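# What the coordinates show
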Amino acid sequence: MSFGQGGSSQQWDPWKPNSQQPWNGGGSAGGSPDWAALADASEARAKRRRLLFIGGGALAAVAIGTAVAVAVVSAGGSNQASPGTESALPGVSDLPSATGTVPSFEPTSAPPPLDPKDFVASAQKDKAPLSPDILFPGTQLTMGDTVYKKGPTADTKDCASAAKSTLPKVLTDNRCTRLIRVTYSRDGVAVTVGVAVFATEAQATKAKQQADAKSIVKSLSGGGVKDFCVGAVCRSTTNAYGRYAYFTLAGFTSGKDVTEKDKAVFRTGDDLQEFTYRQIRRRGEAQASAAAAG
């Protein structure tokens, strides 16, 4: 078998599979490899790899740029819903601004309740009708388990005429405009309540302060109630609320003097004093409710 120059007609191709490289390098006598040719072939292969790498990178960059361009075009397109769809995403101009003004709401609270006393503190506000039967309605009074029978009533603008001892002067000095009286009785004990009306709360308060142990209203008898507290010792009280000063005089219808041991008399006077206070306050409450509703 010969390995000379003419032993094979096949040419070596560095890019062709199964091709063989000649060892004689164009017929060199020593049969040693052609190192120059090998170097050139290696450089050609490296150059081709670099070209392929650069070309692939360029293609990838083009693909990414296309995808970004498509995304940008899609985001900038119309935001109208296509036929048959229920809704579409809002455009940028439709979105609420993060810097927009936040709505504020005033705190709500119920108005303070009206004070009933304000409506009975002066004649300017205290406009509701007033009479003995309005202030002391019905024919009897029940306080707890005790029932008192209502007796005669009286109403006068001459306050001093319905008072005794030191009370007439007190009422006159403070300009009392009206004095209403009513009597209740039970088991031989009777009590007369006198309600003095003034223009202002200050006048009523001053009248209460000026009254002393001898400042009493005249007892009111009649209608089945015998005379009482005429020349006998009786128990009296004095108080005020709003523009009203109110007094009680309790004693025995038999004319007997009242002592500290007569608890029934004390209780009768206390019950009527409490009831009178409640009635004046209810008068203020009714007018306060009407004002709030109006």
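You'll find the structure just up there.
This text gives an overview of the structure that appears in the document. (Residues numbered from 1 in each chain as written. Predicted model: local features only at pLDDT ≥ 70, side-chain atom pairs only at ≥ 80, totals over all residues. Heavy atoms only, no water.)

### Side note on the overall build of the protein chain
Tallying secondary structure elements over the protein chain gives five helices and eight strands in all. For the protein chain, the α and β elements follow one another from N to C terminus as α-α-β-β-β-α-β-β-α-β-β-β-α. Counting across all 294 residues of the protein chain, residues that qualify as buried make up 31%. Long-range contacts, defined as pairs at least 24 residues apart, comprise 64% of the intrachain contacts of the protein chain with a sequence gap of at least 6. Counting every atom, the protein chain has about 18900 Å² of accessible surface; 56% of that belongs to carbon and sulfur. (Helix = DSSP H or I, 4+ residues; strand = E, 2+ residues; numbered from the N terminus. Buried < 20%, exposed > 50% of the residue type's maximum accessible area, 1.4 Å probe, protein only. Contact = heavy atoms within 4.5 Å. Areas by Shrake-Rupley, 256 points an atom, 1.4 Å probe, with all protein chains shown as cover.)

### Some words on the state of the cysteines
Summed over all chains, the structure comprises two disulfides. Between the sulfur atoms of Cys159 and its disulfide mate Cys176 the distance is 2.1 Å. The S-S bond linking Cys159 to Cys176 shows a torsion near -75°; that makes this disulfide left-handed. Pair noted here: Cys159 is in the loop between strand 2 (146-156) and strand 3 (163-165) and Cys176 is in the loop between helix 3 (167-173) and strand 4 (178-186), with a separation of 17 residues, a long-range link. (Disulfide = S-S within 2.5 Å.)

### As for helix 4 (residues 201-210)
For helix 4, the complete set of buried residues consists of Gln203, Ala204 and Ala207. Projected down its long axis, helix 4 shows its buried positions confined to an angular sector of 100°, all on one face. Turned more than 90 degrees away from the buried face of helix 4, the exposed residues are Ala202 and Gln209. The inward-facing, buried residues of helix 4 contact helix 3, strand 7 (235-241) and strand 8 (244-252). (Arc of directions from axis to C-beta.)

### Thoughts on the environment of Gly284
With respect to the helices, strands and loops of the structure, Gly284 is situated in helix 5 (residues 263-293). Contacts of Gly284, omitting those with residues within four sequence positions, involve Pro116, Phe119 and Val120.

### Thoughts on the environment of Gln124
Checked against the element boundaries, Gln124 lands in the loop between helix 1 (35-75) and helix 2 (132-135). Exposure remark for Gln124: the relative accessible area of 70% places this residue in the exposed category. Taking the C-alpha atoms as reference, Gln124 lies 8.1 Å from Ala199; in sequence the two are 75 residues apart.

### Brief notes about the pattern of salt bridges
Summed over the entire model, instances satisfying the criterion amount to twelve salt bridges. A salt bridge links Asp270 to Arg235; its shortest N-O distance comes to 2.8 Å. Here Arg235 lies in strand 7 and Asp270 lies in helix 5, a separation of 35 residues in the sequence. Taking the shortest distance from any N to any O, the salt bridge between Arg267 and Asp271 comes out at 3.8 Å. (Salt bridge = Lys/Arg side-chain N within 4 Å of Asp/Glu carboxyl O.)

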